[in-house]
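Commentary on secondary and tertiary structure
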Amino acid sequence: MIGELGRRSSTALLIHSALIQAVTFLVRPATTYRALELDVPGFALGLLAASYAVFPLLLALPIGGLVDRLGERRLMAIGAAVVLGCSAFLLFWGTSVPALVAGTALLGAGQLACVVGQQAVVANNAASSRLDSAFGYLTFAASLGQALGPLAISVVGGASVRPNTQAIFLLATAMSLVLFLTTFVISSKVSQGRRIAKGGPKGRAVALLRTPGVVRALATSATVLAVVDLTVVYLPALGADRGLTAATVGLMLTVRALFSMVSRLGLGSMSRKLGRMKLLVLSLAISTVALGVAAIPMPEWLLFIVMAFLGLGLGIGQPLTMSWLSAQAPEGQRGRALALRLAGNRVGQVVLPSAIGVVAVGLGAAGVFLASAVAVGGTMLLLRGVRLDD
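Now for a description of the structure that goes with this document. (Residues numbered from 1 in each chain as written. Predicted model: local features only at pLDDT ≥ 70, side-chain atom pairs only at ≥ 80, totals over all residues. Heavy atoms only, no water.)

**Some words on the overall build of the protein**
This is how it is decided: Numbered from the N terminus, helices here are DSSP runs of H or I no shorter than four residues, and strands are runs of E no shorter than two. Each radius of gyration reported is based on C-alpha atoms, and the globular scaling rule is 2.2 Å times the count of residues to the power 0.38. Only protein chains enter the accessibility calculation, which uses a 1.4 Å probe; a residue whose area is less than 20% of its type maximum is buried, one above 50% is exposed, and one in between is partly exposed. Each accessible area is a Shrake-Rupley result for a 1.4 Å probe, and residues are judged covered by the shown protein chains and nothing else. We treat Lys and Arg as the positive residues and Asp and Glu as the negative residues; His and chain ends play no part in the count. Here the site of a charge means atom NZ of a Lys, CZ of an Arg, CG of an Asp or CD of a Glu.
Along the backbone of the protein there are 14 helices and zero strands. Computed over the C-alpha atoms, the radius of gyration of the protein is 20 Å, within 12% of the 21 Å expected from 2.2 N^0.38 for a compact globule of 390 residues. Dimensions of the protein, computed from C-alpha atoms along their principal axes, come out at roughly 60 × 50 × 35 Å. Residues classed as buried in the protein amount to 54% of the 390 residues present. A total of about 16,400 Å² of accessible surface is found on the protein, and carbon and sulfur atoms cover 69% of it. Looking at the protein, you have 30 positive and 12 negative side-chain charges, and the mean spots of the two groups are 8 Å apart.

**Topic: the environment of Ala167**
Looking at where Ala167 falls in the secondary structure, it is placed in helix 6 (residues 165-183). C-alpha separation for the pair Ala167 and Ala53, spaced 114 residues apart in sequence, amounts to 25 Å.

**Side note on the packing of helix 3 (residues 72-93) against helix 6**
To characterise two packed helices, one gives the angle between the axes of the helices and the distance between these axes. Rules: Helix axes are fitted only over the stretch in contact, all axes being lines through C-alpha atoms; the angle between N-to-C directions runs from 0 to 180 degrees. If an angle is under 35 degrees, it is roughly parallel; if it is over 145, roughly antiparallel; if it lies from 65 to 115, roughly perpendicular; otherwise it is oblique. By definition, any crossing whose near helix is turned counterclockwise from its far helix by less than a right angle is left-handed, and any crossing with a clockwise turn is right-handed. Only heavy atoms enter the contact rule, under which two residues are in contact if any of them lie within 4.5 Å.
At a minimum axis separation of 8 Å, helix 3 and helix 6 run at an interaxial angle of 165°. Between helix 3 and helix 6, the angle is such that the two are roughly antiparallel. The element helix 3 and its partner helix 6 pack so that their crossing is left-handed. On the side of helix 3, the interface is formed by Arg73, Met76, Ala77, Ala80, Ala81, Val83, Leu84, Ser87, Ala88, Leu90 and Leu91, while helix 6 contributes Gln166, Phe169, Leu170, Ala172, Thr173, Ser176, Leu177, Leu179, Phe180 and Thr183.

**Some details on the pattern of salt bridges**
Cut-off, in case you're wondering: Basic side-chain nitrogens of Lys or Arg form a salt bridge, by our definition, when they fall within 4 Å of a carboxyl oxygen of Asp or Glu.
The tally for this structure, following the rule as stated, stands at two salt bridges. Across the salt bridge formed by Asp132 and Arg276, the nearest N and O atoms sit 3.0 Å from each other. With Asp132 in helix 5 (residues 131-157) and Arg276 in helix 12 (residues 276-294), the pair connects residues that are 144 residues apart, well separated along the chain.

**Overview of the packing of helix 5 against helix 10 (residues 246-265)**
Running from amino to carboxyl end, helix 5 crosses helix 10 at an angle of 155°, the nearest separation of the two axes being 8 Å. If you check the angle between helix 5 and helix 10, you find them roughly antiparallel. Crossing of helix 5 against helix 10: the hand is left-handed. Only Met261, Arg264 and Leu265 of helix 10 make contact with helix 5, whose side of the interface consists of Gly136, Tyr137, Thr139, Phe140, Ser143 and Leu144.

**Quick notes on a nonpolar patch on the surface**
Operational definition: Here a patch means residues that are over 30% exposed by relative accessible area and free of salt bridges, tied together within 9 Å if like-charged and within 5 Å if nonpolar (Val, Leu, Ile, Met, Phe, Trp, Tyr).
On the surface, Leu144, Leu148, Leu151, Val155 and Val156 cluster together into a nonpolar patch covering about 420 Å² of accessible area. As for its placement among the helices and strands, Val156 is situated in helix 5.

**Some thoughts on helix 1 (residues 6-37)**
As a reminder of what qualifies: Here, expected helix span is obtained from the residue count minus one, scaled by 1.5 Å.
If you check helix 1, its first and last C-alpha atoms are 47 Å apart, about what 32 residues at 1.5 Å a residue would give, namely 46 Å. Asp39, located one to two residues past helix 1, shows a positive phi value of around 55°.

**What to know about the side chain of Ser187**
Inspection of the secondary structure puts Ser187 in the loop between helix 6 and helix 7 (192-196). The exposure class of Ser187 is buried, given its relative accessible area of 17%. Ignoring sequence-local partners within four residues, the contact set of Ser187 consists of Ser9 and Arg73.

**Let's talk about the environment of Val376**
Within the element layout of this structure, Val376 appears in helix 14 (residues 334-382). Once the C-alpha coordinates of Val376 and Arg28 are considered, the two residues, 348 residues apart in sequence, prove to be 28 Å apart. Once you skip the residues sitting within four places of it in the chain, Val376 turns out to touch Thr223, Val227, Leu284, Ser287, Thr288 and Leu291.

**A closer look at the nonpolar core**
As a reminder of what qualifies: In plain words, nonpolar cores are sets of buried Ala, Val, Leu, Ile, Met, Phe, Trp, Tyr and Cys residues tied together by side-chain atoms within 4.5 Å.
Counting 50 residues, the largest nonpolar core has Leu235, Met252, Leu291, Leu303, Val306, Met307 and Phe369 as the members making the most contacts within it. The residues touching Val306, leaving out its near neighbours within four places in the chain, are Ala290, Val293, Ala294 and Met298. Counting residues in hydrophobic clusters, the runner-up holds 28 residues, among them Ile20, Leu26, Ala152 and Ala172.

**Here's the deal with helix 10**
Here helix 10 is 20 residues long and its end C-alpha atoms lie 29 Å apart, about the 28 Å a rise of 1.5 Å per residue gives. Within the sequence span of helix 10, burial applies to Thr248, Val249, Met252, Leu253, Val255, Arg256, Ser260, Met261, Ser263 and Arg264.

**Some words on the packing of aromatic side chains**
Here a ring pair, both rings aromatic, is described through the centre-centre distance and the interplanar angle of the planes. Rule in force here: What counts as a ring pair is set by centres within 6.5 Å for rings of Phe, Tyr and Trp (its six-membered ring), and what kind of pair is set by the plane angle: stacked under 30 degrees, edge-to-face over 60, tilted for all other angles.
Tallied over the entire structure, the rule returns three aromatic pairs. Members of the aromatic cluster, joined through ring pairs, are Phe89, Phe92 and Trp93.

**Examining the side chain of Ser87**
Its location among the elements puts Ser87 in helix 3. The residues contacting Ser87, other than those within four sequence positions of it, are Val23, Val27, Phe169, Ala172, Thr173 and Ser176.

**Quick word on the state of the cysteines**
Selection rule: Any two cysteine sulfur atoms within 2.5 Å of one another count as a disulfide.
Using the criterion set out here, one finds zero disulfides in the structure. Between Cys86, a cysteine without a disulfide, and Cys114, which holds the nearest cysteine sulfur, the sulfur-to-sulfur distance is 11 Å. According to the relative accessible area criterion, Cys86 is buried, its value standing at 0%. We classify Cys114 as buried; its relative accessible area is 0%.

**Focus: the environment of Phe309**
Checked against the element boundaries, Phe309 lands in helix 13 (residues 300-328). Residue Phe309 is classed as partly exposed on the basis of its relative accessible area, which comes to 44%. Through-space distance from the C-alpha of Phe309 to that of Ser260 is 8.9 Å; in sequence the pair is 49 residues apart.

Shown next, in the form of structure tokens:
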């Protein structure tokens, strides 16, 4: 339960969180398959990937301001409507590279609006003692959606190498419609706090960055998310170096994701027992050790255990930085702060993999895991002197 929203609104919020991720992880691979159907050159695939990230990076702060002014439910409805329009656009007109790029960019903007709105609902309606638990459930639902999206492709695509993209876009359109309608099941009470906050500070990005602890929370969040991406990219390379089959590597990635989901379910109780600071440091320490150990040659079964611990550590980091930021941000500016976090995550997803990727040239995939361990371990230094449990 989140604040005073009630069971119906809380359930609708979690469904909304799962659905937006499911649609995103359904549409993005489908646009790649559609591009392959069109025999586009390799650079066009890179353009597709970039178009999804660029819009959110440019729009994150304006959208954060909108959620604080308009209210979470309105922004979530706008975001869901954009995603619905994007899915329908790709269904009927996604037959060229420019159309695919435009559709992907719209998807990125709509997804951002939905996610910022969802996180702001939690930040503005959950009691301070329940923030960790509430964000844990929200991110669990998001992880579930990220698993269901690719699964839907498997169901629609069957055994074919290239699935029927028209059927996938049709499914995405139907799911987006449900997403849009689910928004209105959430109580309108979630917007009351924004009306109170209208007379407060303007909440510019610079002022937020000067708020004690905000920059450290952003850096920690960006590092953890970038390392999750690096694991997805470089574990197959590590497996290839060690002669592991693609199926085995895929199962290892699944184990990592499942244990991340499990860690988020018990986040509230763990935070209350240990305290937010100790739990965050513990999660970063577990992640650091797991990343470092993964670089050492070991039996296949042992690497599965390492991936499970890595999933536990990395899974805790994201929701805790959300609750950290929510607690640090001034009243009426939490939506902007959470949007700033998402923008920082995008930057981190570009900068950190690029920097660590240089290591791969000389040391290979094992070197990337070692460098990632150093990066995550370094974030623990950012926590010195910070109190997260106020």
